[in-house]
Amino acid sequence: MLCNNAGIEKVGVLGWGSQAPAQAQNLRDSFAEADMDVKVTIGLRKGSKSAEEAKQCGFTEEQGTLGEVLDVVGDSDLVILLISDAAQVQMGGAPVVQQ
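Residues numbered from 1 in each chain as written. Predicted model: local features only at pLDDT ≥ 70, side-chain atom pairs only at ≥ 80, totals over all residues. Heavy atoms only, no water.

J.: Honestly, the environment of Val38 in this entry has me stumped. Any pointers?
T.: Counting through the fold element by element, Val38 comes out in the loop between α2 (20-33) and β2 (39-44). Looking at Val38, the relative accessible area reads 9%, which means it is buried. (Helix = DSSP H or I, 4+ residues; strand = E, 2+ residues; numbered from the N terminus. Buried < 20%, exposed > 50% of the residue type's maximum accessible area, 1.4 Å probe, protein only.)

J.: What's the story with the nonpolar core in this structure? I'm lost.
T.: Considering soluble globular proteins, one finds that nonpolar side chains tend to be buried as a cluster. Ranked by internal contacts, the top residues of the largest apolar core, which has 16 residues, are Val13, Trp16, Ala24, Ile42 and Phe59. Mapped by element, the contributors of at least two residues to this core are β1 (10-14), α2, β2 and α3 (51-56). Contact partners of Ile42, with chain neighbours within four places excluded, come to Val13, Gly15, Trp16, Ala24, Phe59, Thr65, Leu66, Gly67 and Val72. (Core = buried A, V, L, I, M, F, W, Y, C linked by side-chain atoms within 4.5 Å. Contact = heavy atoms within 4.5 Å.)

From the geometry alone we can't say anything about function, so treat these as descriptive.
Here you go:
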């Protein structure tokens, strides 16, 4: 896999919408199965309603696998942006694709 060869030790997955749960769990489980020491961390907005679902899937603040978006971005070697356009606007950014 690319991660160990590229020096990637922490992957940040931003958001918990339609794509993030499956992708984050797949990455976490694949790294574990391959005996790779790569941590997958979920980044959510403060007070996100999705935090409880992420916790039910095994991502927690205590393990360092669940945190606030900007903290996760700063701590990650690789970031996967999976938040919706609407959530990006709420965070103060513009949608990725404008029509």
